[in-house]
Amino acid sequence: MNVSGDYDVLVIGGGPGGYACAIRAAQLGLKAACVEARPTLGGTCLNVGCIPSKTLLHATHLLELARDGHMAGFGIDTGPVSIDLARLMARKEATVASLAGGIDFLFRKNGVARLPGRARLAGPGRVDIDGRMFAATAIVVATGSLPAALAGVPVDNHAGVVVDSSGALSLPRIPERLAVIGGGVIGLELGSVWRRLGAQVTIVEVADGILPGMDADIRATMTQLLARQGMTILASTAVAGADIREDGATLQLKGADGKASALAADVVLVATGRRPNTGDLGLETVGITPDAGGFIPVDAQGRTGADGIHAIGDVTRGPMLAHRAEDEGIAVAERLAGRPGMVNPAIVPVVVYTDPEVASVGRTEQMLTAEGIAYRASTFPMSANSRAKANGGTEGFVKLLAEEASGVVLGAHMVGTMAGTMIAEVAQAMEFGATVEDIAYTCHAHPTHSEAVKEAALGFFGAAIHR
């Protein structure tokens, strides 16, 4: 088979990690190409993940503000409020299309070759794309992840009764009852969308509470807030099976105490996490064996055990987050161009775009205790923040964790309407090894939500002004 192209860098996958890697490589003078099987670039995040879900979350948040009295509290009479689901979905699709087109533009602007089709490794330095062979000095695997399956509850997005996250973004009608299997980020975000649109939402989580792995205070607070909003949360509850019909499904549940129960729903969303998309990539042709979880083993530089093969993002172990993949893609491109290419895997913010938002970076108190690290904590309530008060969104808190002896920031955990934006300040502080004193004595604009971060830092010295 003839080789039809030669590249310095060939990236398999056009998601946030892949397209960023290809663009940065081209910016640094490398001949770069990116393979994508989808008709549009952007991967799961842009096409059926981050962007469409945030469009729906924003729209339904506006709906709730208008419908449930928040705007009326400011003297704004909205009158009868209704939702046109078809127009909402059209807006979502238009947003996705616009951003996908933007990536195409960036490829053309930077000279990245876009190679459509499904790629498969075909030996060292070789990639087969639907029968066409390409050669590359460096190959970067960035194929992302797929929704994880749940035994006994088969997903069929076309039928629309049992769906995964992709299907839940495009339901043709508002279900009266929505059962969400999984109380993680995806389940809570999409559950919030359909609850605001009018569905009765029940979250079924096998762990002892929602948002497993996050700080205990966040988990407790969000359980209370989401229940207050109308969600039913069944923790420590497993799904043993499902009776699926054309008009709905009944889940067979089993509690931690062994008691069985049933949950009827018009639509079931399986949101039990994601798995690396490493099947049928030809990894065996270059001597790469995925680990037990299907992840590609890599070193701290993103290098696999095969010469010239790198892997980034969801196909490697670590948080399955678009921004992690993007940073790793840029770092790999820079290393291939002879630059340092820095990524700090310990500082990756996590955000849940519910209302209020949840944001976290670094270690939790539970992690620090388990590791035997001496630390101090300081918490400041959003109810004492002037901007939150003025805006009418006072739910939540900011909690900072610092090393006891040095005051170096070890983690931050927040619940609040602007938590997803506020967390960046602490992530940057941690990146530069800042102490809580550095944050406390940095001037913050008034009135802003970010002042809650400053006040939490001041709290370490008993100097918080508004508490």
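Structure: above.
Conventions and cut-offs
- Residues numbered from 1 in each chain as written.
- Predicted model: local features only at pLDDT ≥ 70, side-chain atom pairs only at ≥ 80, totals over all residues.
- Heavy atoms only, no water.
- Salt bridge = Lys/Arg side-chain N within 4 Å of Asp/Glu carboxyl O.
- Helix = DSSP H or I, 4+ residues; strand = E, 2+ residues; numbered from the N terminus.
- Buried < 20%, exposed > 50% of the residue type's maximum accessible area, 1.4 Å probe, protein only.
- Pairing = 2+ DSSP bridges.
- Axes fitted to C-alpha atoms, helices over the stretch in contact; angles between N-to-C directions.
- Contact = heavy atoms within 4.5 Å.
- Core = buried A, V, L, I, M, F, W, Y, C linked by side-chain atoms within 4.5 Å.

Q: Which residues make up the pattern of salt bridges, and what are the values?
A: Any two side chains of opposite charge can pair if their charged atoms end up close together. All chains considered together, the criterion is met by 22 salt bridges. R67 is paired through a salt bridge with E64; the nearest N and O atoms lie 3.8 Å apart. Here E64 and R67 lie together in helix α3 (residues 50–67), a separation of three residues that amounts to about one turn. According to the relative accessible area criterion, E64 is buried, its value standing at 12%. Between E64 and R195 there is a salt bridge whose closest N-O contact spans 3.0 Å. Taken as a pair, E64 in helix α3 and R195 in helix α6 (residues 185–196) lie far apart in primary sequence, 131 residues in all. Like R195, E64 is buried. The network of salt bridges with shared partners includes E64, R67, D68, R195 and R196.

Q: Break down the sheet that holds strand β18 (residues 350–352) for me, with residues and values.
A: Pairing in this open sheet of five strands is antiparallel, and the strands run β18-β19-β22-β21-β20 from one edge to the other. Whereas interior strands pair on both sides, the edge strands pair on one side only; in this sheet they are β18 and β20 (375–381). Going from strand to strand, the sheet's axes swing by 10° on average, the running direction of each strand aside. Of the strand pairs in this sheet, β20 and strand β21 (residues 397–403) are connected by seven bridges, and their pairing is antiparallel. Note on β21: the bridge partner recorded for R376 is A402. Set on the sheet, helix α11 (residues 419–431) makes contact with β18, β19 (357–362), β21 and β22 (409–416); between it and β19 the angle comes to about 10°.

Q: Hey, could you go over the environment of G313 for me, with residue numbers and the actual values?
A: Mapped onto the elements of the fold, G313 is located in the loop between β17 (309–311) and α8 (322–336). Between the alpha carbons of G313 and G18 there is a distance of 8.6 Å; along the sequence they are 295 residues apart.

Q: Can you explain the nonpolar core? Please cite residues and give values.
A: Core analysis: the biggest nonpolar cluster contains 35 residues, and L178, W194, L211, I218, M222 and L269 have the highest contact counts within it. For this core, the secondary structure elements donating two or more residues are α3, α4 (85–110), β9 (177–181), α6, β10 (200–204), α7 (216–229) and β15 (267–270). Not counting residues within four places of it along the chain, the set of residues in contact with L211 comprises G183, G184, V185, L188, I218, R219, M222 and V352. In terms of nonpolar packing, the next biggest core, distinct from the first, is built from 30 residues, V361, A388, V426 and A440 among them.

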